[in-house]
Amino acid sequence: MAQNPEVFWLFILLVPMIIIMLLQYLNGRMTLVKTSGEWRSGDYYDLYTIKWFFTSLGFLLFLVFTVLSLAGYPGRGYPVGYEPSGSDIIFVVDVSESMKAEDIQPSRLAVVSRVIRSVCENTPGGRFGLVIFKGRGVKIIPSTEDVEAVFNFLNYLSTDLISSPGSNIQLGLAAAVNAFPSGEEREKYIILLSDGEALSGDLDEVLSRAVASEVTIYCAGAGTVAGAAIPTADGGFLKDPAGETVISRMNEQSLRYIADSTAGRYYNILDNSLLPDLIALAGGGGIKDTEEGYRIVTKERYRFFLVFALMGLLIARIVKVVRWKNFY
Amino acid sequence: MWIFESPAYLLLLTLLLPSIYFCHFYRKRGGVFPASFGVWKSSSFKSSNHFLKFVLFLSTTASWIGFAGLIFALAGPSYVEKEKIYIGRGIDIVFVLDESPSMAAMDFPPSNRFEAAKEVIKSFVSARGNDPIGLVTFAAEAALRIPPTLDYDGFIEEVEKLSLMELGNGTAVGLGIAIAALHMQNSTAVEKVIILITDGESNAGEIVPESAADIAAQMGIKIYSIGIGTKGEVPIEYEDKATGKIITGRFNSDFNEKLLREIAETTGGRYYYAPSTNALGSIIKTIDSQESSDKRIKIKTRSKPGYKMLIIFSMTLILADFTIKKLFFREIL
């Protein structure tokens, strides 16, 4: 499977190229008659047609194989030395208003808090950090073994910690990607805990940064698809400008996309396998593609296609300038 | 640093000059035929339009640059970064910093004791490699500012934000030590160190410093205590948090040296006296050298392939040449 299938859109270029080549062929035949005379045109026509065909074919092959070289087909994997000394986990918590919804009891945010506490409590020696996001992303706890600092903060976890409205996932994940300390060989995981509703920001940009930084993102969706109203401080529920009660629904599509893009995994926050899996990750048990101190790494296979592209280009140029039958 | 992963492919560049000669300068090349527009055997038609000649030259040059670019892309240009990877776990260090009003004493030029302490903490952190470092501050209360972390950039940012008297105006040395010890209890570090920096007598907090030192000793935490400030009358200037007013004056500076020495000795650490900025810097350097951890490292290289941009650039040049020659110059082959 191509890693960058979006480059296949460049095949659209083939259409104008072929049109230009056909027009060039018709124009070429007329030009030959005008310049060489009707009486000699028969000899030129055949040679010109053959040369035009092969130069055009060579150029089209160049275009097709160049695009394929950009598509990022994975090559054969090879082992590289890799002995991680553990895992770093950064929790990224959505503190947007919708996290107050009570479609899971006692509330989405309270369940998120419980999950984080459980993972920290059950992973002695684990290293954790914590980022919250709403209209912006804020690193609250840097990567640390001090779980007391995490527990202290969880006591104050609320949707009021950031005043700017929204759910800017890009800023939240960017703060988390930057929160991993350098100078160590450890597995890097982000655990995103969110209802996935109305996420904003340039997701693809931050996901490509995560992949480049070898960060895997696991997502836990908090809430239900049926959704629930969002409680307000006055005891009522959040209403839209038309006076209708706003129903917040979990959107697992975006969370699945985030997890899949970084070779992570999506869970519903109430899924029984969530906690054991996260605890295994935090304890360094979630290492993928590794065996006996090695990790299998694959590189994109582009040279194979690029060699054919160059050969196509050479054919186009050589056929054009090689003199045939000593006159064209 | 840029490198080529497979530089052998660059040998293909040797084909470039013969190809250019064959395609553009070889007299018997095909694809062209001279047509005379004059009398018998006169020279063939040549354009005198210099602009057209220039555009044609640029277009052809771009095409060959694109061709060369594809060969460079074959050679696998990559940007290689080397990263230092520490093997083994460092020691945990937590600074416990006094932020009571007396730390505003102006006897540590160019600023006061508190700012001087912040600067030496920052320089200490910058010199460490793989030791998680945390920060607790105290005045009448104590609070964890940064848990022990290797995120040194984040640590330094937080240190820069610190200001005096955010936690009242007493000096709860015991509470500061206890908070630091609490946040080191889950640490897997073989060695744990507290560096206490204070200029006053303990006069606040629910935990007396001796008890806090005992707790730390039981947890295997070593305390280095540093008493800072000149003794005697010193000028002072600070902003009162409650009123926002700048308070200036002089006060008689002194601290309980015996207590600080006892705290250090109880935990197997050492007491230092820092009467000046330079002395404080030297003491921190001494502690830095005494508390050196396992510094075995390996170098990890990361390479970022750069061939994609080169292919896109080359393809653009070649397509531009194709389009210009076919549409603008109406080249028939």
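Cut-offs used in this document
Within each chain, residue numbers correspond to sequence positions counted from 1 in written order. Written order determines the labels here, with chains lettered from A and ligands numbered from 1. Owing to the predicted nature of the model, reporting of local features is limited to residues with pLDDT of at least 70; listing and counting of side-chain atom pairs is limited to 80 or more, with chain, interface and lining totals taken over all residues. Side-chain metrics rest on all non-hydrogen atoms present in the structure, leaving aside hydrogens and water. For the purposes of this entry, the term helix denotes a DSSP run of H or I that reaches at least four residues, the term strand denotes a run of E that reaches at least two, and both are numbered from the N terminus. We compute the radius of gyration over the C-alpha atoms and compare it with the globule rule, which gives 2.2 Å times the number of residues raised to the power 0.38. Categorising residues by exposure relies on relative accessible area from a 1.4 Å probe, with only protein chains included: less than 20% of the type maximum marks a residue as buried, more than 50% marks it as exposed, and the intermediate range marks it as partly exposed. Here a residue-residue contact requires only that any non-hydrogen atoms of the pair lie within 4.5 Å. Areas reported as accessible are Shrake-Rupley estimates using a 1.4 Å probe. Residue values count occlusion only from the protein chains shown. Each patch is built from residues lacking any salt bridge and having more than 30% relative accessible area; the joining distance is 9 Å for like charges and 5 Å for nonpolar side chains (Val, Leu, Ile, Met, Phe, Trp, Tyr). Salt bridge criterion: a side-chain nitrogen from Lys or Arg within 4 Å of a carboxyl oxygen from Asp or Glu. Buried area counts how much accessible surface, traced with a 1.4 Å probe, disappears from two parts once they are put together, with both parts' losses summed. Under this definition, polar contacts are N or O atom pairs within 3.5 Å; protein pairs additionally need one hydrogen-donor-capable and one acceptor-capable atom, and for neighbouring residues in sequence, both atoms have to be side-chain atoms. An automatic or database domain assignment provides the domain bounds reported here. Pairing between two strands is assigned when DSSP locates at least 2 bridges connecting them. Orienting the strands away from the viewer, one traces the path from the first strand over the helix to the second; a clockwise path indicates a right-handed crossover. We call a set of buried residues a nonpolar core when its members are Ala, Val, Leu, Ile, Met, Phe, Trp, Tyr or Cys and they connect through side-chain atoms within 4.5 Å of each other.

## Topic: the overall build of chain A
The number of helices and strands found in chain A is nine helices and 13 strands. Relative to a compact globule of 328 residues, whose C-alpha radius of gyration would be 20 Å, chain A shows 29 Å and is clearly more extended. When its C-alpha atoms are laid out on the principal axes, chain A stretches across 95 × 60 × 30 Å. Relative to its 328 residues, chain A shows a buried fraction of 51%. Taking as baseline every contact in chain A between residues at least 6 positions apart, the subset at least 24 positions apart corresponds to 80%. When the accessible surface of chain A is split by element, carbon and sulfur atoms take 58% of a total near 15100 Å².

## A closer look at a nonpolar patch on the surface
Residue and element names in this part refer to chain A. On the surface, a nonpolar cluster with roughly 480 Å² of combined accessible area is contributed by Ile50, Phe53, Phe54, Leu57, Leu61 and Ile315. No other element matches helix α2 (residues 38-70), which puts five residues into the nonpolar patch. With respect to the element layout, Leu61 can be found in helix α2. Judged by relative accessible area, Leu61 falls into the partly exposed class, the value being 33%.

## Some remarks on the interface of chain A and chain B
As a measure of interface size, the accessible area lost when the parts come together is often cited. Each partner contributes residues to the interface: chain A has 60 residues there, and chain B has 58 residues. For the chain A and chain B pair, buried surface summed over both sides reaches about 5300 Å², with 63% attributable to carbon and sulfur atoms. In terms of surface lost to chain B, no three residues of chain A exceed Arg303, Arg317 and Val321 of chain A, which account for 13% of the buried area on that side. One can count four salt bridges joining chain A with chain B. We note a salt bridge from Lys299 of chain A to Glu5 of chain B, for which the minimum N-O separation is 3.2 Å. Counting across the interface, chain A meets chain B through 19 residue pairs in polar contact (both at pLDDT 80 or more). Looking at the side of chain A that touches chain B, the elements with two or more residues in it are α1 (14-36), α2, β5 (137-144), α4 (147-154) and α9 (303-321) of chain A. Looking at which element gives the most residues to the side of chain A that touches chain B, the answer is α2 of chain A, with 11 residues.

## Topic: the domain arrangement of chain B
For chain B, the domain assignment lists domain 1 (2-25 + 48-81 + 300-328) and domain 2 (88-290). Put simply, the middle of domain 1 of chain B and the middle of domain 2 of chain B, counted by C-alpha atoms, are 61 Å apart.

## Focus on the pairing of strand β3 (residues 92-98) of chain B
Along any regular strand, the residues point their side chains to alternate faces of the sheet. Residues and elements named next belong to chain B. Of all seven residues making up β3, seven are buried, and the element is well covered by its neighbours. Neither face of β3 is exposed, since Asp92, Val94, Val96 and Asp98 on one face and Ile93, Phe95 and Leu97 on the opposite face are all buried. With six bridges joining them, β3 and strand β6 (residues 192-198) adopt parallel strand pairing. Paired with Ile93 across the strands is Val193, a residue of β6. Across six bridges, the pairing between β3 and strand β4 (residues 133-138) is parallel. Bridge pairing in β4 links Val94 to Gly134. Regarding topology, helix α3 (residues 113-127) serves as the crossover connection from β3 to the parallel β4, and that connection is right-handed.

## Focus: the nonpolar core
Counting 45 residues, the largest nonpolar core has Phe59, Phe62 and Leu306 of chain A together with Leu70 and Ile311 of chain B as its most contacted members. Listed by contribution, the elements that provide at least two residues to this core are α1, α2 and α9 of chain A together with α1 (16-25), α2 (50-74) and α9 (307-328) of chain B. Ignoring any residue separated from it by four or fewer positions in sequence, one finds Ile311 of chain B in contact with Thr66, Ser69, Leu70, Tyr302 and Leu306 of chain A together with Leu70 and Ala73 of chain B. The next biggest cluster of nonpolar side chains, apart from the first, holds 39 residues, and it includes Ala116, Ile146, Phe155 and Leu164 of chain B.

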